[in-house]
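Take a look at the letters that make up each chain.
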Amino acid sequence: MDTTTLRQGHRQGRTAALTAVAALTAVTALAPTVWGTTYFVTTEMLPAGHPLFAGLARALPAGLAAVAIGAALGRATAVRNGSAARALPHGAWWWKSAVLGTLNIGLFFPMLFISAERLPGGVAATLGAVGPLFVALLAVPVLRERLSVRRVAWGVAGVVGVGLVVLGPGARLDAAGVLAGLAGAASMALGVTLTKRWGRPEGVGPVSAAGWQLTAGGLFLVPVTLVAEGLPPAVDGRAVLGYLWLGLVGGLVAYVLWFRGIGRLPVTSVAFLAPLSPMVAAVIGVGALGESLSGVQVAGFALALAAVLAGQLPPRTRRAERVARAASASAGVSAAAPAPASARVQELQVAR
């Protein structure tokens with residue numbers, strides 16, 4: 001096989017790899033996109049004064065449903081492959097699921113709602129946009145990744161962009177609210193990073209794994225909600241639709257897609273999708289609530305979107321460079337010559 005044929009084959013492989021990564025990223029981005037509807041649903045459809053119950057309704061029913069669906073899928077797979085199915089956690093995965101569910105959901109929701117109650121919505125959203133920065137920093141000790149200055153810079157740009165979109169001139173700061181917002185972002189960042197490190201046990205699909213976390217987070221929220229808010233509020237038909245949206249779409253579907261993306265994509269790339277949530281909320285405010293965006297807000301929207309897109313680009317690492325040179329040598333290309341497309345495919349795959 002000559003060098004030209006090798007290059008064509010590797011170029012096709014590169015295109016297929018890029019397409020697969022782009023498709024998976026787009027599907028994963030649906031999760032924060034859906035979460036961007038939470039503010040509208042909560043304010044326009046749900047009873048006021050019960051944000052924790054909304055979080056509980058979003059997590060626990062979705063978690064139990066995901067466990068049941070995952071068990072059915074696991075049984076079907078076991079029958080087809082002749083393997084054992086696992087519907088519930090086993091061994092260390094009992095405490096791992098509890099830790100991940102508490103960090104990603106159980107602690108995150110109360111901190112989010114405390115921040116939203118004590119701060120203007122724009123300030124709370126801006127604090128939440130710090131999450132990708134926390135993930136980029138946590139990936140160094142937890143995942144043994146090198147610190148990417150480029151991603152840190154784009155993380156800062158994303159925070160600035162979100163701030164320009166959602167911060168108003170009357171924004172005020174409250175110490176407890178700021179601490180709660182940062183604690184929520186840190187809790188989610190640590191949960192996302194540990195989810196990437198621990199993965200999921202062999203034979204367990206993304207639906208079951210998401211169900212374990214949602215259930216654990218929901219169980220954590222039960223006593224917190226009862227102490228902070230008391231008994232659940234009376235609901236009408238509009239509220240029922242709102243809770244169904246939060247539970248089925250914002251909980252079950254969104255978290256399955258989110259944790260599936262964390263398992264198959266670089267954790268920092270997934271984290272950089274999070275600012276889509278306040279951006280979608282701003283778009284809904286314009287389209288459904290009659291709000292308007294100023295020129296500064298439009299510029300901030302563009303900056304935040306650029307940060308989201310830049311966060312999907314793989315960093316060039318020394319290891320990737322070595323693999324690229326090896327791929328060039330295997331194709332019969334001089335190391336001094338520019339790297340062919342095949343080398344860049346290997347670089348992409350290693351970096352991701």
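Calculation notes
- Residues numbered from 1 in each chain as written.
- Predicted model: local features only at pLDDT ≥ 70, side-chain atom pairs only at ≥ 80, totals over all residues.
- Heavy atoms only, no water.
- Helix = DSSP H or I, 4+ residues; strand = E, 2+ residues; numbered from the N terminus.
- Buried < 20%, exposed > 50% of the residue type's maximum accessible area, 1.4 Å probe, protein only.
- Phe/Tyr/Trp six-rings, centres within 6.5 Å; stacked < 30°, edge-to-face > 60°.
- Lys NZ or Arg CZ within 6 Å of the ring centre and 35° of its normal.
- Expected span 1.5 Å × (residues − 1).
- Core = buried A, V, L, I, M, F, W, Y, C linked by side-chain atoms within 4.5 Å.
- Contact = heavy atoms within 4.5 Å.
- Axes fitted to C-alpha atoms, helices over the stretch in contact; angles between N-to-C directions.
- Left-handed = near helix turned anticlockwise from the far one by under 90°.
- Nonpolar A, V, L, I, M, F, W, Y, C, P; charged D, E, K, R; others polar.
- Parallel < 35°, antiparallel > 145°, perpendicular 65-115°, else oblique.
- pLDDT = per-residue confidence, 0-100.

Participant: Go over the overall build of the chain, please, and point to the residues and values.
Facilitator: From N to C terminus, the chain includes 16 helices and zero strands. Looking at the chain residue by residue over its 352 residues, the buried ones come to 46%.

Participant: Before we move on, could you go through the environment of Leu219 and cite the residues and values that matter?
Facilitator: Of note, Leu219 is situated in helix α10 (residues 206-229). For Leu219 and Ala98, which are 121 residues apart along the polypeptide, the C-alpha to C-alpha distance reads 9.4 Å.

Participant: How would you summarise the packing of aromatic side chains if you had to cite specific residues and measurements?
Facilitator: Using the criterion set out here, one finds seven aromatic pairs in the structure. When the centroid spacing of 5.3 Å and the interplanar angle of 65° are considered together, the rings of Trp35 and Trp258 count as edge-to-face. Remark: Trp258 occurs in helix α11 (residues 237-264) and Trp35 occurs in helix α1 (residues 3-35); sequence separation between them is 223 residues. Seen in terms of ring centroids, Trp95 and Trp198 are 5.4 Å apart; in terms of plane orientation they differ by 80°. Their pairing is edge-to-face. In this pair, Trp95 is assigned in helix α4 (residues 93-106) and Trp198 in helix α9 (residues 175-198), connecting sequence segments 103 residues apart. Its relative accessible area of 21% is what places Trp198 among the partly exposed residues. Ring pairing ties together the aromatic residues Trp35, Tyr255, Trp258 and Phe259, which thus form one cluster. Sitting over the face of the ring of Trp93, Lys96 holds its NZ or CZ atom 5.2 Å from the ring centroid.

Participant: Outline helix α14 (residues 295-310), supporting the account with residue identities and numerical values.
Facilitator: Over its 16 residues, α14 extends 22 Å from the first C-alpha to the last, a length consistent with the 22 Å expected when each residue adds 1.5 Å. Looking only at α14, the buried set comprises Gln297, Gly300, Ala304, Ala307, Val308 and Ala310.

Participant: Now, about the nonpolar core: what can you tell me, with residues and values included?
Facilitator: Within the largest apolar cluster, 52 residues are counted, with the highest numbers of intra-cluster contacts made by Ile105, Phe109, Tyr243, Tyr255 and Trp258. A per-element tally of this core places α11 first, with ten residues. Not counting the four nearest positions on each side in its chain, Phe109 is found in contact with Gly55, Arg58, Ala59, Leu221 and Tyr255. Core analysis: the second largest hydrophobic core is formed by nine residues, Trp93, Leu100, Val142 and Trp212 among them.

Participant: Tell me what's going on with α9, and back it up with residues and numbers.
Facilitator: Between its terminal C-alpha atoms α9 stretches 34 Å, which fits the 34 Å expected from 24 residues at 1.5 Å a residue. Just downstream of α9 lies Gly199, where phi reads positive at about 60°.

Participant: Report on the packing of α4 against α9, specifying residues and quantitative values.
Facilitator: Their axes nearest at 7 Å, the elements α4 and α9 cross at an angle of 150°. By crossing handedness, the relation of α4 to α9 is classed as left-handed. Residue-level contacts link Trp93, Trp95, Lys96, Val99, Leu100, Thr102, Leu103 and Asn104 of α4 to Ser187, Met188, Leu190, Gly191, Val192, Leu194, Thr195 and Trp198 of α9. Here the contact of α4 with α9 is composed, by residue class, of ten nonpolar, five polar and one charged.

Participant: So what about the side chain of Thr268? Which residues, and what values?
Facilitator: Mapped onto the elements, Thr268 comes out in helix α12 (residues 267-271). Beyond its immediate stretch of four places on either side in the chain, Thr268 contacts Val135, Ala136 and Arg151.

Participant: Report on the packing of helix α7 (residues 131-143) against α9, specifying residues and quantitative values.
Facilitator: Interhelical geometry of α7 versus α9 gives an angle of 40° and a closest axis separation of 9 Å. Judged by the angle between their axes, α7 and α9 are oblique. Crossing of α7 over α9 shows right-handed handedness. On α9, the residues touching Gly131, Phe134, Val135, Leu138, Ala139, Val142 and Leu143 of α7 are Leu182, Ala185, Ala186, Ala189, Leu190, Thr193, Leu194, Lys196 and Arg197. Grouping the constituent residues of the contact of α7 with α9 by class yields twelve nonpolar, two polar and two charged.

Participant: Before we move on, can you summarise the confidence of the model for the chain with the specific residues and values?
Facilitator: With 80% of its residues at a pLDDT of 70 or more, the chain has an overall mean of 79. Confidence, expressed as mean pLDDT per element, reaches its minimum in the chain at helix α16 (residues 341-351) with 33 and its maximum at α4 with 94. Per-residue pLDDT stays below 50 along residues 318-352; that stretch engages in 44 contacts with residues further than four places along the chain or on separate chains.

Participant: Outline unusual backbone geometry, supporting the account with residue identities and numerical values.
Facilitator: The residue Arg144 is not glycine, and still its phi comes out positive at about 60°. Its location among the elements puts Arg144 in the loop between α7 and α8 (149-166). The class of Arg144 is exposed, set by a relative accessible area of 64%.

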